Amino acid sequence: LNYESIRMIIEYLCVNHSSLITSCIPNIDLNFKLQKRLKNMETLTSSSSFQIYVRKRPMLPFEIAQNNYDILSMNINNPYSTILHDGKLGRNGRQLTMTHRFYSLSKCFNENTTNEKVCLEVIEPLLKHVNNGYDATLLCYGQTGTGKTHTLIGTIHYLSNKLSNKNVIIEFFEIYGKKCYDLFNNRQEIYLRSDENENVHARGINTIHFNHVKKEEFLNTILNAMKLRSSKVTERNPVSSRSHAILKISIIHNNNNNNNP
């Protein structure tokens, strides 16, 4: 373990005992080391075209009632790293082994972070990239009940404001098992096909064109389509999505009076 891991573990296990940190890690300039690490991560984040963010959700009421422990620690002084507390119960049911895994990421958002703040830091740079004529992709990944849909809905609300009065084309479908269903056409089955350049196209999909996007119309169109997604009740989530959903938004740019996506 490096000093950063040790420090965060002590903070996690010994709340309000910050004096233990310096006594357990002698002869190390923590502020200097931390600032150096932050500088390195800022450089990496600004120069990389592929970035990974983690967003922590709050403990659920039933988890608190069951006295479950918080498996993720974040340090407000270092937004580029997190520690995962991986606990495994022994076969005798008495011994708990904890493994503390340290991860460095593009940015970490704690459980108090709003959708607006996430969108400003994550979605806004992607939107600027698209407005300059390039492609951008947002992938929400995580196990059931971790907040993917919550973050996605926040993103859609954000985009409905940012795309106001723009001309856009949208497609929305889900992949469930080995089949694909058009969420803009009452779950009609569609087919994914590759062309000679290995570009994948959704054959038979319904596209919706918005001329001068109106916020409420854009927002309701997508949210109503999301209700058609396959879902199932799980321990963590009463409406857990059971499929992969792909929402494609093409912004039409006017260049020399020609509309080019």
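Residues numbered from 1 in each chain as written. Predicted model: local features only at pLDDT ≥ 70, side-chain atom pairs only at ≥ 80, totals over all residues. Heavy atoms only, no water.

### Concerning helix α7 (residues 215–226)
For clarity, the threshold we go by: Here a helix means four or more residues in a row that DSSP labels H or I, a strand means two or more in a row labelled E, and each is numbered from the N terminus. By this rule, a helix spans an expected 1.5 Å times one less than how many residues it contains. Three labels apply to residues, based on accessible area from a 1.4 Å probe with only protein chains included: buried if under 20% of the type maximum, exposed if over 50%, partly exposed otherwise in between. Within this analysis, the arc is defined by the directions that extend from the helix axis to the C-beta atoms. By definition in these notes, contact holds between two residues if any of their heavy atoms fall within 4.5 Å.
Compared with an ideal rise of 1.5 Å per residue, which puts 12 residues at 16 Å, α7 spans 17 Å between its outermost C-alpha atoms and is within 8% of the ideal. If you check which residues of α7 are buried, you get Phe218, Leu219, Ile222, Ala225 and Met226. An end-on view of α7 places all buried positions within 140° of arc, on one side of the element. Tucked into the core, α7 has its buried residues touching α6 (148–162), β6 (168–176), β10 (208–210) and β13 (244–251).

### Re the packing of helix α5 (residues 115–131) against α6
Working note: a packed helix pair is described by the angle between its axes plus the distance between those axes. Let me state the cut-off plainly: Angles run from 0 to 180 degrees between N-to-C directions of axes, and those axes are lines fitted to C-alpha atoms, restricted for helices to the stretch in contact. Here roughly perpendicular refers to angles of 65 to 115 degrees, roughly parallel to angles under 35, roughly antiparallel to angles over 145, and oblique to all remaining angles. Note on convention: near helix rotated counterclockwise from far helix by under a right angle means a left-handed crossing. Clockwise means right-handed. Nonpolar residues are Ala, Val, Leu, Ile, Met, Phe, Trp, Tyr, Cys and Pro. Charged residues are Asp, Glu, Lys and Arg, and all others, Gly as well, are polar.
For the pair α5 and α6, interaxial distance at closest approach is 10 Å and the crossing angle is 60°. Relative to α6, the element α5 is oriented oblique. The chirality of how α5 crosses α6 is right-handed. Touching Asn115, Cys119, Leu120, Ile123, Glu124 and Leu127 of α5 are His150, Thr151, Gly154, Thr155, Tyr158, Leu159 and Lys162, all from α6. Of the residues belonging to the contact of α5 with α6, the class tally is six nonpolar, five polar and two charged.

### Re the side chain of Asn167
Selection criterion: Two N or O atoms count as a polar contact when they lie within 3.5 Å, although within protein this holds only if one can serve as hydrogen donor and the other as acceptor, and sequence-adjacent residues are included solely when both atoms are side-chain atoms.
Within the element layout of this structure, Asn167 appears in the loop between α6 and β6. Within the structure, the side chain of Asn167 is placed 2.8 Å from the backbone nitrogen of His212, a separation counted as a polar contact. The contacts of Asn167, once residues within four sequence positions are left out, are Phe210, Asn211, His212, Ser250, Ile251 and Ile252.

### As for the packing of aromatic side chains
Selection criterion: Stacked, edge-to-face and tilted labels apply to pairs of Phe, Tyr and Trp rings (six-membered ring for Trp) whose centres lie within 6.5 Å, assigned for plane angles under 30 degrees, over 60, and everything in between, in that order.
Scanning all chains against the criterion turns up three aromatic pairs. Note on Tyr53 and Phe109: the rings are 6.1 Å apart at their centroids and 25° apart in plane angle, and the pair reads as stacked. Taken together, the residues Tyr53 in strand β1 (residues 53–55) and Phe109 in strand β5 (residues 107–109) connect sequence positions 56 residues apart. Among the residues examined, Tyr53 registers a relative accessible area of 29% and is labelled partly exposed. The class of Phe109 is buried, set by a relative accessible area of 3%. Look at Phe210 and Phe218: their rings are 5.6 Å apart centre to centre, the planes differ by 65°, and that puts the pair in the edge-to-face class. The pair formed by Phe210 and Phe218 is uniform in burial state, with each residue classed as buried.

### A look at the sheet that holds strand β3 (residues 78–89)
Put simply, the rule is: Strands were regarded as paired on the criterion that DSSP finds at least two bridges between them.
Pairing within the open sheet is antiparallel, and its three strands lie in the order β2-β3-β4. In the strand order of this sheet, the two ends are held by β2 (72–75) and β4 (96–104), each with one partner. Strand-to-strand twist of the sheet, defined as the mean angle between neighbouring strand axes without regard to direction, takes the value 20°. The sheet contact formed by β3 and β4 spans nine bridges and is antiparallel. In the strand pairing of β4, Asp86 is matched with Thr99.

### Quick look at the confidence of the model for the protein
Definition in use: What pLDDT expresses is the predictor's confidence in each residue, scored from 0 to 100.
When the pLDDT values of the protein are averaged, the result is 80; 74% of them are 70 or greater. Of all the helices and strands in the protein, helix α2 (residues 19–24) carries the lowest mean pLDDT, 44, while β10 carries the highest, 95. Long-range and interchain partners of residues 17–34, a stretch whose pLDDT sits below 50, account for 20 contacts in this model, where long-range means more than four residues apart. When the criterion is pLDDT under 50, residues 256–260 qualifies, and its contacts beyond four places in sequence or with other chains add up to eight contacts.

### Here we look at the pairing of β3
Pairing analysis gives four bridges linking β2 to β3, with the strands arranged antiparallel. Counted as the bridge partner of Leu72 is Leu84 from β3. Counting the residues that bridge the hairpin from β2 to β3 gives two residues. The turn linking β3 back onto β4 is made up of six residues, and Gly93 within it adopts a positive phi angle of 75°.

### Considering the environment of Thr146
Here Thr146 shows up in the loop between α5 and α6. Of the residues examined, Thr146 reaches a relative accessible area of 29% and is grouped as partly exposed. One polar contact links the side chain of Thr146 to the main-chain carbonyl oxygen of Gln143, over a distance of 2.7 Å.

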